[in-house]
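Here is what each chain is made of, one letter per residue.
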Amino acid sequence: MKPHQLASLLAQKFPQLYPDAHCELLYSNPLELLVATILSAQCTDVRVNQVTPALFQRCKTVEDYASISQQELETIVHSTGFFRNKATAIRKTAAALLEKHAGKIPQSLAELSALPGVGRKTANVVLSNVFEIHEGVVVDTHVGRLSQRLGLTRHHQPVKIEQDLMKLFPQKNWGILSHWLILHGRRRCYARKPDCIECELRLICPSKDLVKK
Ligand code: SF4
C-alpha cells in the first residue's frame with residue numbers, strides 16, 4: 001500500500017480508535033502550556049502534570065517566570081529531569097516574551113520557535129492545542145517511531161518526518177495526528193515489543209510482523 005493510501009485509511013481509523021485524543025498536559029492558558037511543554041522534554045506528561053500545579057500557583061504571569069530565581073525554579077521543576085536546562089529555558093523564554101512580544105505568546109511558528117528554549121516541537125504543540133493553528137506536526141519519539149513503522153516516512157530526523165507527514169495528511173489533521181500516533185505508541189506500538197498481534201492496525205501496517213505469532 002502506498003503511503004498516501006495508508007494515511008487516508010489512518011485518518012479514517014484513528015478517530016474511531018481514539019475519539020477522545022487530546023493533549024495530555026494540564027494547562028488553562030497558552031503560557032501554562034508553553035511552560036508545561038518545555039518541561040515535558042525527556043519526561044512523561046504524568047510527571048509534568050504532578051509538578052505544574054505548584055508551579056502555576058507560584059508563577060501566574062510572564063513577569064513571574066522572568067523574575068523567579070533560577071534556584072527556586074530549579075527546585076520546583078527538579079523531578080522532571082534536566083531541571084537546570086529547563087529552568088534556564090523557561091526564564092529566558094519569559095524574558096524574551098517580555099522584551100519582544102509585550103508579554104504575549106506569539107501565534108506563529110517562526111516567532112514561537114525563535115524564543116530561547118522553544119524548539120519547533122514545542123511551538124507546534126502550543127499553536128495547535130491552544131490557538132488551533134496548524135503550521136506543522138508535532139514529532140516526538142512516539143510519532144517518529146510510529147511514522148517509520150507504518151511506512152509514512154523513511155527518515156529519522158524529526159524535521160524530515162514532519163515534512164513527510166505534512167505531505168500525506170490534510171492540514172486539518174496535523175494537530176490531532178500527533179495525539180493519535182502518541183496514543184497508539186503508548187497503547188500498542190511500544191518501542192520494544194510492540195503488540196502487533198492485538199494491534200488494530202495490523203491489517204494495514206507494513207511492520208505487522210515485528211512480533212510474529
Ligand atoms: S502492527 Fe505492530 S508495528 Fe504496526 S502499528 Fe501495530 S503494533 Fe505497531
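Keep in mind that what you see is a predicted model, and the values were worked out from it rather than measured. (Residues numbered from 1 in each chain as written. Predicted model: local features only at pLDDT ≥ 70, side-chain atom pairs only at ≥ 80, totals over all residues.)

Caption draft 1: Spatial organisation of the overall build of the chain. Secondary structure assignment for the chain yields eleven helices and zero strands. Secondary structure elements in the chain, listed N-terminal to C-terminal, are α-α-α-α-α-α-α-α-α-α-α. In terms of overall size, the chain behaves like a compact globule, its C-alpha atoms giving a radius of gyration of 18 Å where 213 residues would be expected to give roughly 17 Å. With respect to the principal axes defined by its C-alpha atoms, the chain has extents near 55 × 30 × 30 Å. For the chain, the proportion of contacts with a sequence separation of at least 24, taken over those separated by at least 6, is 55%. (Helix = DSSP H or I, 4+ residues; strand = E, 2+ residues; numbered from the N terminus. Rg over C-alpha atoms; globule rule 2.2 N^0.38 Å. Contact = placed C-beta atoms within 7 Å.)

Caption draft 2: Molecular detail of the nonpolar core. Core analysis: the largest hydrophobic core is formed by 51 residues, its most contacted members being Leu34, Val35, Ile90, Val126, Leu165 and Leu177. Element by element, the count of residues in this core is highest for helix α2 (residues 30-39), at seven residues. In this structure, this core is formed jointly by two domains, domain 1 (3-21 + 138-210) and domain 2 (30-130), each of which donates at least three residues. Residues within four places of Ile90 in sequence aside, it is in contact with Val35, Ile38, Tyr65, Leu73 and Gly117. (Core = buried A, V, L, I, M, F, W, Y, C linked by C-beta atoms within 7 Å. Buried ≥ 20, exposed ≤ 12 C-beta atoms within 10 Å, placed from the backbone. Domains from an automatic or database assignment.)

Caption draft 3: The packing of α2 against helix α8 (residues 120-130), seen in detail. Here α2 crosses α8 at 145 degrees, and the two axes come no closer than 9 Å. Regarding α2 and α8, the two cross each other, and that crossing is right-handed. Residues Pro30, Leu33, Leu34, Thr37 and Ile38 of α2 touch α8, and the partners they reach there are Thr122, Val125, Val126, Asn129 and Val130. Per-class residue counts for the contact of α2 with α8 are seven nonpolar, three polar and no charged. (Axes fitted to C-alpha atoms, helices over the stretch in contact; angles between N-to-C directions. Left-handed = near helix turned anticlockwise from the far one by under 90°. Nonpolar A, V, L, I, M, F, W, Y, C, P; charged D, E, K, R; others polar.)

Caption draft 4: Region of interest: helix α9 (residues 141-149). All buried positions along α9 are accounted for by Val143, Gly144, Leu146 and Ser147. For α9, the secondary structure elements touched by its buried residues are α10 (158-168) and α11 (174-187). The positive-phi residue at the C-terminal boundary of α9 is Gly151, with phi of around 80 degrees.

Caption draft 5: The arrangement of the domain arrangement of the chain in detail. Domain parsing of the chain yields domain 1 (3-21 + 138-210) and domain 2 (30-130). Put simply, the middle of domain 1 and the middle of domain 2, counted by C-alpha atoms, are 27 Å apart. Across the contact, six residues belong to domain 1 and six residues belong to domain 2. Class assignment for the residues of the side of domain 1 that touches domain 2 results in four nonpolar, one polar and one charged.

Caption draft 6: Highlighting α2. The element α2 is extensively covered by neighbouring structure, given that eight of its ten residues are classed as buried. Contacts made by the buried residues of α2 are with α3 (45-58), α4 (62-67), α5 (70-77), α6 (83-101) and α8.

Caption draft 7: Examining unusual backbone geometry more closely. For Glu132, which is not glycine, the phi dihedral falls at a positive 55 degrees. Backbone geometry places Lys193, a non-glycine residue, at a positive phi of 50 degrees. Residue placement: Lys193 occurs in the segment after α11. A count of 8 C-beta atoms within 10 Å places Lys193 in the exposed class.

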